[in-house]
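Residues per chain are reported as follows:
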Amino acid sequence: MKLWIGGAIFVAILMGITWMMAGGDIGANDTMGSLAMLGALATAVIAIFVSIKYVRQIQEEKAGGELADENWDGIGEYKNELPMGWAVLFLATTVWAVWYYLVGYPLNAYSQIGEYNEEVAIHDASFADKHANLDAQTLVKMGESVFIVQCSQCHGLAADGIDGKAANLNKRIEEKSVRHAIVNGANNLGYAAPMPDRNGLFNMNTGALITDAEIATVSKYVANGMKGAGEDVFQGTCAACHGSDGKGMEFVAPSIADFNPELVATVLKHGKKGVIGAMPAFDLLNEQQIKAVGAYVTSLSK
Amino acid sequence: MFHWLEKHPFFFAVAVFVTIAFAGLVEILPNFAEASRPTIGTKPYSTLELAGRHVYIKNSCNACHSQLIRPFKSETDRYGAYSLSGEYAYDRPFLWGSKRTGPDLMRIGNVRTTDWHENHMWDPAGVVPGSIMPAYRWMFANEADVDTAYAEQVTVNKVFNVPYNKPIPMKDGSTETVPMAASLDAAKAEALADAKVIVADMKNQDVKDMVASGKIPEIVALIAYLNSLK
Amino acid sequence: MENRPLEYDYTVAKWFMIATIVLGVVGMLVGVILAWQLAFPGVNLMLGEGLAEYTNFSRLRPLHTDAVTYGFTVSGIMATWYYVGQRVLKVSMAESPFLMFIGKLQFILYIVVVAAVVVSLLLGFTQSKEYAEFEWPIDIGVVVVWVLWGVSIFGLSGIRREKSLYISIWYYIAAFLAVAMLYLFNNMSVPTYFVAGVGSVMHSVSMYSGTNDALVQWWFGHNAVAFVFTTPIVAMIYYFLPKESGQAVYSYKLSLLSFWGLMFVYLWAGGHHLVYSTVPDWMQTMGSVFSVVLILPSWGSAINMLLTMKGEWNQVASNPLIKFMVLASTFYMFSTLEGPIQAIKSVNALAHFTDWIVGHVHDGVLGWVAFMIFAALFHMAPRVFKREIYSKSLMNTQFWIQTLGVVLYFTSMWIAGITQGMMWRAHDEFGNLAYSFIDTVTVLHPYYTIRAVGGTLYLIGVFMFAYNMFMTMTAAKRVEESQMQNTSPMGA
Ligand code: HEM
Ligand code: HEM
Ligand SMILES: [Ca+2]
Ligand SMILES: [Ca+2]
Ligand SMILES: [Cu+2]
């Protein structure tokens, strides 16, 4: 009796902790998750209670039977019959296996890819409604969850770029990135006409190519959120493409004054290589997720 | 019958052998040819990539990382399209792994870049706080074994007809050719040229210096390999 | 001749016993280091930055798996073979100088191979296939050692006096044949140096590529488990438990059906390592289905052994050697139930790639394989060294501390694995993945720590074992073999 109770307590504790840790993550229609939990329970229960059964036999019954003639180094052998339960189960599982293989699920009756397609269809359908009606705030929240799973490995959980290892997304752009774009031009984002390098950047105000000093001031100006000295250079050199407020012009150049969802989508589509490093193009996300992560990144610097 | 077998070790052994060998034949033979046909777009490895693959194997990265994306929504969301048999046609040995202490790397080339790997292999926890992956700093100093990579290319080309120097059909209908050099020296030169492309995106000065002096550090080969996983 | 007891020659058994102990200590020490490395990655630098290449987790992991599998376990198998073989076939090694020579040669070559393995794995020479890591020159060495074992098995059987083969011999023969076949096919490879004329002489490429390579690997891998961690260990328990307890084996019929059932079913189950992979669906299904059937022939042996002890609770309570064996058969039942359940496709979808598998592995190897080997060596020691076991209380302490170790190991990995598996699959309220990968790593820290503690306790037990054996060899009270029929003599 003590054994049985002890066994039950052990199973309960083991399953209890497992459930506490992992139970909350079984999705509503994740049969595999539930089956795995069931499997774990079955393992614990059967193993413990079958062992106890045999321990009881060791404690209480007595061995006996007819001995075989042979004897090896003093070891004898009883001619006892097979334990009934064992024999029946062996036969039953064998029959089941043959049935399963020949009748239940014969050779090509099942396809894991078919199963996958169904899983995806059900999953997508169950979120379609929700995604159609997201308000701005919820969209940002959804974006954050995408960001943490897909982007935080590079940009960091706080999107701060981890000490300059990737772009800091709490701020539109750093001075050195602006300078890099001006000096080397930029051709990451798939615009029909890329940004020329410094040898193609005329300052309308002076009528000459942009100078070192002007690059320095305008870089500071842009990195500063379009504030401070350098506005004249910007208006004279950059505004033609990036707009006088720096917010970009459709089909011409991206916003460099702030993040917006389209810019983020463009970066995700094309990837980006700059002074900081390289970001790959991302085709892992669906449209809804791109929209959401765009909203999230945009919200960071607001 | 069993009693008789128990008195005749030789026939006993034969009976056991037949019993166990039978299953193996049924399991392995029927599918052998089909499973090894490459999918469209699957290319053999270049010399530098193979050298990197050897670095991966030498350090048993497969002890922690799988390269097998199973057909579940949760895996294709995380890692990309599920794996197809023919994508592994040029993998000798296969590197599926059996434990994911770290994430799957089957398509890591789609989501990480050279400079990220450089930072990460130097100090994983510095990039991903809480990472338990070891740092692999000696790879920034050890030289990759290009000779053996070239030997492997020659071997698989000769023995298994791996199509080097032949047009390989790509998904978009075009073809690409993976070169295999005619001599070791040429192979080394090719690998070095590939290494220079990688190293241009890296920041570590020692690595840059090594490549400039004609040597290829293990890390560069490894990154070439990781970038090829798509 | 028939009437007077044979003088068995245990020289080779003795050598392999010592190898078992040494390699057990080494292999499990490395295991403990791995466990601490996963809990505290700083341990990767335990010998400093300069040696990190040789002390980091990924370089050491194959060393652990191979040291415990081909070192500790295989030496244990050989030690018991060179002991049990003579006794149940009723023939002494001393009667055949040829077989004596073969035995000694096998040991010496074995040690050479082990040394080569340790050095080559530390240097990073590996074919990367699990449990078949050794590069081709070492594979050849392994094959030679194995063939020598075959010569010994069939040689001794050829000159045996006992006409009919005892159950243990069935299992040794099966282990020999299966491992020979599997190892050979899985390690087929082409050394590149001999084709290309350049590069490393050690390097080779697998004869199979991609999915085929995986198929051969897990046909091998699963059965390497079957025929290294199961069959020969069953051989041991069929001898040592009845012998130590003086009880007759419960049922010949059960032995017979379990054996042939196991032989037939085992080889079909390898597909359970490839569930939801790119091998064809029918092959995966076959692996799952046969795994479930496999419960019964596996349990057959365990039940047979437990029933052999029917009514002998006083022996279980008073003899630590029997405690080891009874718990071993219980853990054998546990892992051969857990394994099939993990082989069910939907369960494997969650369990594969997680620590739940590692938990399954270790309740098998720690609770079953290693316990059985300890018990076998304890039983052999007084007969081989002609001294009583040095300390019974140390045995008891070892038993309890290791049992606690195993329980901590498998419960923590069970929880860790299921948690990790669930987290990987979880989607949030928006249908996106709920956790980044690193979330699923950091959450395991407490469990990795508990496992490391459990492993350390187990290792402490191994040191007690080594000490106890050492003292038995050198300092314990002398006894003559003729004085021991069953229960082994033990000092307090
Ligand atoms: C009825 C018997 C058994 C069955 C059906 C079985 C089944 C399984 C399954 C399904 C896996 C996991 C495959 C995966 O998803 O990665 C596995 C792994 C493993 N099992 Fe068992 N198991 C059995 C008994 C045992 C025993 C008794 C031991 C050792 C004493 C053992 C040792 C292992 C090992 C070492 C692995 C890990 C293989 C790897 O490296 O991935 N198994 N087993
Ligand atoms: C002190 C005892 C031991 C400790 C602490 C220990 C620890 C470990 C650790 C940490 C791993 C790596 C798991 C991972 O990659 O996540 C491992 C793997 C493994 N160990 Fe042990 N181990 C011990 C004893 C043994 C023994 C005695 C055996 C065999 C007789 C064994 C066989 C294995 C096998 C086969 C694997 C590979 C499992 C797989 O790939 O799924 N271990 N062990
Ligand atoms: Ca494994
Ligand atoms: Ca090998
Ligand atoms: Cu298996």
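All values derive from a computational prediction rather than experimental measurement.

**Q** Even after reading the chapter, I still don't get unusual backbone geometry, so can you show me in this structure?
**A** The phi torsion of most residues other than glycine is negative, and most of the peptide bonds are trans. Geometrically, the link from B:Arg92 to B:Pro93 is a cis peptide bond, its omega value of -5° lying close to zero. Not every positive phi belongs to a glycine, and C:Tyr131 is a case in point at roughly 70°. By the secondary structure assignment, C:Tyr131 is in the loop between helix 4 (97-123) and helix 5 (136-158). Even without a glycine there, the phi angle at C:Tyr276 is positive, about 60°. Residue position: C:Tyr276 is located in the loop between helix 9 (252-266) and helix 10 (281-308).

**Q** Help me out: how do you make sense of the side chain of C:Thr230 in this one?
**A** Residue and element names in this part refer to chain C. Tracing the sequence through the fold places Thr230 in helix 8 (residues 210-245). Among the polar contacts listed, one links the side chain of Thr230 to the side chain of Tyr266, at a separation of 3.3 Å. Each residue touching Thr230, except ones within four places of it in the same chain, is listed here: Val225, Tyr266, Tyr332 and Trp368.

**Q** Quick question: what am I supposed to make of the side chain of C:Thr73 here?
**A** All names here are of chain C. With respect to the element layout, Thr73 can be found in helix 3 (residues 57-89). In this structure the side chain of Thr73 is engaged in a polar contact, spanning 2.7 Å, whose partner is the backbone oxygen of Val68. The contact partners of Thr73, leaving out residues within four places of it in the chain, are Val68, Val228, Phe229, Ile233, Val369 and Ile373.

**Q** Before we go on, may I ask you to explain the packing of aromatic side chains in this structure?
**A** The relative placement of two aromatic rings is captured by the distance of their centres and the angle of their planes. Summed over the entire model, instances satisfying the criterion amount to 68 aromatic pairs over all chains. Taking 5.4 Å as the distance between ring centres and 65° as the angle between the ring planes, the aromatic pair formed by C:Trp170 and C:Phe259 counts as edge-to-face. Pair noted here: C:Trp170 is in helix 6 (residues 167-186) and C:Phe259 is in helix 9, with a separation of 89 residues, a long-range link. Like C:Phe259, C:Trp170 is buried. Pairing C:Phe264 with C:Trp268 gives two aromatic rings, centres 6.0 Å apart and planes at 50°, and the pair type is tilted. The exposure class assigned to C:Trp268 is buried, which follows from its relative accessible area of 7%. Three or more aromatic residues joined by ring pairs form one cluster here, namely C:Phe72, C:Phe324, C:Phe371, C:Phe374, C:Phe378, C:Phe399, C:Trp400, C:Tyr458 and C:Phe465. Over the aromatic face of B:Phe72 sits the side chain of C:Arg425, whose NZ or CZ is 5.2 Å from the ring centroid.

**Q** Where do I start with the site of ligand 1 in this structure?
**A** Around ligand 1, the structure places 27 residues, and the nearest of them are C:Glu130, C:Tyr131, C:Asn348, C:His352 and C:His360. Each of chains B and C places residues next to ligand 1. At a separation of 3.2 Å, an oxygen atom of ligand 1 approaches a polar side-chain atom of B:Ser98. Here C:Asn348 contributes a side-chain N or O atom positioned 2.9 Å from an oxygen atom of ligand 1. Sorting the residues of the shell around ligand 1 by element identifies helix 8, helix 10, helix 12 (320-343) and helix 14 (355-385) of chain C as the ones contributing at least two each. A per-element tally of the shell around ligand 1 places helix 14 of chain C first, with 7 residues. For the shell around ligand 1, the per-class residue count stands at 12 nonpolar, 14 polar and 1 charged.

**Q** Looking at this structure, I do not really get the layout of surface pockets. What am I missing?
**A** Residues and elements named next belong to chain B. One number sums up the size of the second largest pocket: a volume of about 1200 Å³. Put simply, the parts of the chain that give the lining of the second largest pocket at least two residues each are helix 4 (47-58), helix 6 (114-122), strand 2 (175-177), helix 9 (184-199) and helix 11 (218-228). Grouping the amino acids of the lining of the second largest pocket by side-chain chemistry returns 20 nonpolar, 13 polar and 13 charged.

**Q** Help me understand the interface of chain A and chain B in this model?
**A** One frequent convention defines the size of an interface as the accessible area lost when the parts assemble. Contact with chain A, which involves 25 residues of that partner, is made by 23 residues of chain B. Carbon and sulfur atoms supply 57% of the area buried between chain A and chain B, which totals about 2000 Å² over both sides. The tally of links from chain A across to chain B stands at 3 salt bridges. With its nearest N and O atoms 4.0 Å apart, the salt bridge here joins A:Asp124 to B:Lys73. Counting the contacts that link chain A with chain B gives 8 residue pairs in polar contact (both at pLDDT 80 or more). Considering every element that reaches the side of chain A that touches chain B, the biggest residue donor is helix 4 (residues 112-132) of chain A, with 7 residues. Its residues assigned to classes, the side of chain A that touches chain B comprises 15 nonpolar, 5 polar and 5 charged.

**Q** Which parts of the structure should I look at to understand the domain arrangement of chain A?
**A** One can read the domain layout of chain A as domain 1 (2-107) and domain 2 (134-300). The straight-line distance from the C-alpha centre of domain 1 of chain A to that of domain 2 of chain A is 62 Å.

Conventions used here
Residues numbered from 1 in each chain as written. Chains lettered and ligands numbered in written order. Predicted model: local features only at pLDDT ≥ 70, side-chain atom pairs only at ≥ 80, totals over all residues. Heavy atoms only, no water. Helix = DSSP H or I, 4+ residues; strand = E, 2+ residues; numbered from the N terminus. Polar contact = N/O pair within 3.5 Å; in protein donor to acceptor, adjacent residues only side chain to side chain. Contact = heavy atoms within 4.5 Å. Phe/Tyr/Trp six-rings, centres within 6.5 Å; stacked < 30°, edge-to-face > 60°. Buried < 20%, exposed > 50% of the residue type's maximum accessible area, 1.4 Å probe, protein only. Lys NZ or Arg CZ within 6 Å of the ring centre and 35° of its normal. Near = heavy atom within 4 Å. Nonpolar A, V, L, I, M, F, W, Y, C, P; charged D, E, K, R; others polar. 1 Å grid on protein atoms, 1.4 Å probe; cavity = no way out; pocket = protein on both sides within 12 Å on 5 of 7 lines; lining within 4 Å. Points joined across faces, edges and corners; volume = space filled by probe spheres on them. Buried area = accessible area lost by both parts, 1.4 Å probe. Salt bridge = Lys/Arg side-chain N within 4 Å of Asp/Glu carboxyl O. Domains from an automatic or database assignment.

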